[in-house]
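# Reading the structure
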Amino acid sequence: MDQSKANIVSQLQAVKSSSGKSYSQIAVETGLTNVYVSQLFRRQAQLKPETAPKLRSAVPNLRDDLLGEMLKPPFRSYDPNLIQEPAIYRLNEAVMHFGESIKEIINEEFGDGIMSAIDFFCSVDKVKGVDGNDRVVVTFDGKYLPYSEQKSENMVSRPGSNW
């Protein structure tokens, strides 16, 4: 992460911390998912102008300059060393372990395609298991995107081209 982004993220994290609110509390007040709120405070998502007043209300100590930064399209990136963080490592491990089965079920249920990570919602919830222990529920809710057959007649970038 470049230094200017790191500095902004550090300031945003300090503002969030000083609010005394959790991401889930801010999410309820803004109508966003808790993961998206976290993404906003990490400069991994863009705050939309229509949501800015709700965020300002939920986090009143958010300065205008930081709010302005949140309204800009972010440079979405991650530190490759994040995989060393145990929670992130386990999430990656779960996706890798269950990935082939998830892909097969997507293909069975929808056809040949993928889940979008752009038209996508993500949330983290806490529930009690049947044994009474706390459980983590991570929900990935992405638009289905079918692969298209690549017919030359549909390739509009080459009008009038006859193969």
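Just above sits the structure.
The following paragraphs examine the structure supplied in this document. (Residues numbered from 1 in each chain as written. Predicted model: local features only at pLDDT ≥ 70, side-chain atom pairs only at ≥ 80, totals over all residues. Heavy atoms only, no water.)

### Thoughts on the overall build of the protein chain
For the record, the criterion: Secondary structure elements are taken from DSSP: a helix is a run of H or I of four residues or more, a strand is a run of E of two residues or more, and numbering for both begins at the N terminus. We call a residue buried when its accessible area falls under 20% of the maximum for its residue type, exposed when it is over 50%, and partly exposed in between, using a 1.4 Å probe and counting protein chains only. Residue contacts are counted whenever heavy atoms from the two residues lie within 4.5 Å of one another. All accessibility values rest on the Shrake-Rupley procedure with a 1.4 Å probe; residue burial counts only the protein chains present in the view. A residue counts as positive if it is Lys or Arg and as negative if it is Asp or Glu; His and the chain ends are not included. We put the charge of a Lys on NZ, of an Arg on CZ, of an Asp on CG and of a Glu on CD.
The secondary structure content of the protein chain amounts to six helices and two strands. Secondary structure elements in the protein chain, listed N-terminal to C-terminal, are α-α-α-α-α-α-β-β. Referenced to the eigenvectors of the C-alpha coordinate spread, the extents of the protein chain come out at roughly 60 × 50 × 30 Å. In the protein chain, buried positions account for 21% of the 163 residues. Of the contacts formed within the protein chain by residues at least 6 apart in sequence, a portion of 54% connects residues at least 24 apart. Total accessible area computed for the protein chain in this model is approximately 12,000 Å², and 55% of it derives from carbon and sulfur atoms. Across the protein chain, the centroid of the 19 positively charged side chains sits 7 Å from that of the 21 negatively charged ones.

### Points about the pairing of strand S2 (residues 134–146)
Counted only if it meets this: Two strands form a pair only when DSSP identifies at least two bridges running between them.
Summarising the sheet, strand S1 (residues 113–128) and S2 pair through twelve bridges and their orientation is antiparallel. Bridging across to S2, Ile 114 finds its partner in Leu 145.

### A short note on the environment of Leu 67
Along the chain, Leu 67 falls in helix H5 (residues 64–71). Between the C-alpha atoms of Leu 67 and Leu 55, which are twelve residues apart in sequence, the distance is 8.9 Å. For Leu 67, the residues in contact, after removing those within four places along its chain, are Leu 47, Ala 52, Leu 55, Arg 56 and Leu 62.

### So, a nonpolar patch on the surface
Put simply, the rule reads: Excluding any residue in a salt bridge, patches collect residues exceeding 30% relative accessible area, merging like charges within 9 Å and nonpolar Val, Leu, Ile, Met, Phe, Trp and Tyr side chains within 5 Å. Salt bridge, as applied in this entry: a Lys or Arg side-chain nitrogen positioned within 4 Å of an Asp or Glu carboxyl oxygen.
Taken together, the side chains of Leu 91, Val 95, Met 115, Val 124, Val 136, Val 138 and Phe 140 define a hydrophobic patch exposed on the protein surface, amounting to about 600 Å² of accessible area. For the nonpolar patch, the secondary-structure elements that each account for two or more residues are helix H6 (86–110), S1 and S2. For Leu 91, the position within the fold is in helix H6.

### Overview of the packing of aromatic side chains
Cut-off, in case you're wondering: A pair of Phe, Tyr and Trp rings is counted when the ring centres sit within 6.5 Å of each other, with Trp represented by its six-membered ring. The angle between the planes then sorts it: under 30 degrees is stacked, over 60 is edge-to-face, the rest tilted. Whether a charge sits over a ring comes down to the Lys NZ or Arg CZ being within 6 Å of the ring centre and within 35 degrees of the ring normal.
The tally for this structure, following the rule as stated, stands at three aromatic pairs. Residues Phe 110 and Tyr 144 carry aromatic rings whose centres are separated by 4.9 Å and whose planes lie at 20° to one another, so their mutual orientation is stacked. Of the two residues, Phe 110 sits in helix H6 while Tyr 144 sits in strand S2, which places them 34 residues apart along the sequence. By relative accessible area, which is 53% here, Phe 110 ends up exposed. Here Lys 16 stacks its cationic end above the ring of Tyr 23, 4.3 Å away from the centre of that ring.

### Some words on unusual backbone geometry
Phi is positive for Arg 43, close to 60°, though the residue is something other than glycine. Relative to the helices and strands, Arg 43 resides in the loop between helix H3 (34–41) and helix H4 (52–58). Judged by relative accessible area, Arg 43 falls into the buried class, the value being 6%.

### Some thoughts on the nonpolar core
Put simply, the rule reads: To qualify as a nonpolar core, a set must consist of buried Ala, Val, Leu, Ile, Met, Phe, Trp, Tyr and Cys residues joined through side-chain atoms within 4.5 Å.
By size, the foremost hydrophobic cluster in this structure holds 18 residues, and its most contacted members are Phe 41, Leu 55, Val 59, Leu 62 and Met 70. If you list the elements that add at least two residues to this core, you get helix H1 (3–19), helix H2 (23–30), H3, H4 and H5.

### With respect to the environment of Glu 85
What counts, and what does not: Any pair of nitrogen or oxygen atoms within 3.5 Å is treated as a polar contact; in protein, a donor-acceptor pairing is required on top of that, and neighbouring residues in sequence qualify only through side-chain atoms on both sides.
Assignment of secondary structure puts Glu 85 in the loop between H5 and H6. Spatially, the C-alpha atoms of Glu 85 and Met 96 are 16 Å apart, while their sequence positions differ by eleven residues. A polar contact of 2.7 Å, which involves the side chain of Glu 85, links it to the backbone nitrogen of Ala 87.

### Here's the deal with the side chain of Thr 30
Locating Thr 30 in the fold gives a position in helix H2. At a separation of 3.5 Å, a polar atom in the side chain of Thr 30 contacts the main-chain amide nitrogen of Leu 32. In this view, Thr 30 contacts Val 37, Thr 51, Lys 54, Leu 55 and Ala 58; residues no more than four positions away in its chain are not counted.

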